[in-house]
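# Reading the structure
Each chain is listed here by its residues.
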Amino acid sequence: IVNVQSQSALLQAVLALEGPGAASWSLSDVGLTDSLPVLSIREDEPIGRAFRLIGGSRYSGVPVLASDGVLLGNVSARDACTIMTAADKKSLLAMPAYQFLGHSASGTRDIRYPGIRCHREDTLREVMSRMFAARIHHIYLCSEEGMVMRVISLGDVLAKFTSAIAGLNDLMSE
């Protein structure tokens, strides 16, 4: 093996390219806007439920939704480190998700763990830029009202680029 490239490194290289191209396509253009089921927890549920969902799935995080279904924040496998190093693990696991995220009892939101979101007309470049800036591998596609429609991963974005390249190769070979 001479070199191994991560999905993130490949997409950062694509993002660095100047000019028009696949990175300027919107999520709608590439078909990443279909609603899909999303594992989530409500803001009043214990944070321990989020970790049970993460542990029982192939996902590394789950969104925390307000009572009206709007995205409030994100709980990820990284957050498990916070829990595991705390002296009061049991009380943290029983804590309501809104409290874990940093909501105050007065209802104001000071979220330490935001759910990074995108919208249907965002370009692949915008989506990748948000993901790289936040150092995450998944982003939530939300409706205009803030409702989570699906999760988009770096792998989903990479698949769109590879299918675009394959399509160009087919055109060139004709």
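We now turn to the structure provided with this report. The shown structure was predicted, so the numbers you read here are calculated from the model rather than taken from an experiment.

With that settled, consider the overall build of the protein chain. Counting its regular elements, the protein chain contains 7 helices and 6 strands. The burial tally for the protein chain puts 39% of its 174 residues in the buried class. Taking contacts inside the protein chain between residues at least 6 apart in sequence as the whole, the part at least 24 apart equals 59%. Of the roughly 10100 Å² of accessible surface on the protein chain, 56% is carried by carbon and sulfur atoms.

The tally for this structure, following the rule as stated, stands at 4 salt bridges. Where E45 meets R42, a salt bridge forms, and the shortest distance between an N and an O atom there is 3.8 Å. Note on E45: relative accessible area 11%, which makes it buried. Assessed through its relative accessible area of 46%, R42 is described here as partly exposed. One continuous salt-bridge network, built from bridges that share partners, spans R42, D44, E45 and R49.

Turning our attention to the sheet that holds strand 4 (residues 117–118). Read across the open sheet, the 3 strands follow the order 4-5-6; overall the sheet is mixed. Each edge of the sheet is formed by a strand with only one pairing partner; in this case those strands are strand 4 and strand 6 (148–153). Sheet analysis places strand 5 (residues 138–142) next to strand 6, joined by 5 bridges and oriented antiparallel. Pairing of Y140 across the sheet is with V151, part of strand 6. Along the sheet, helix 6 (residues 124–134) makes contact with strand 4, strand 5 and strand 6, crossing strand 5 at roughly 130°.

Basis of the calculations
Residue numbering note: each chain is counted from 1, following its sequence as written. Residue-level local features of this predicted model are given only where pLDDT is at least 70; pairs of side-chain atoms are given and counted only at 80 or more, and the full residue set underlies all totals for whole chains, interfaces and linings. With hydrogens and water excluded, all non-hydrogen atoms of the structure serve as input to the side-chain values. Per the convention used, a helix needs a DSSP run of H or I reaching at least four residues, while a strand needs a run of E reaching at least two, with both numbered from the N terminus. With a 1.4 Å probe rolled over the protein chains alone, any residue whose accessible area is under 20% of its type maximum counts as buried; one over 50% counts as exposed, and the rest are partly exposed. By definition, residues are in contact when any of their heavy atoms lie within 4.5 Å. Each accessible area is a Shrake-Rupley result for a 1.4 Å probe, and residues are judged covered by the shown protein chains and nothing else. By definition, a salt bridge exists where a carboxyl oxygen of Asp or Glu is found within 4 Å of a side-chain nitrogen of Lys or Arg. For two strands to count as paired, DSSP must find a minimum of two bridges between them. Angles run from 0 to 180 degrees between N-to-C directions of axes, and those axes are lines fitted to C-alpha atoms, restricted for helices to the stretch in contact.

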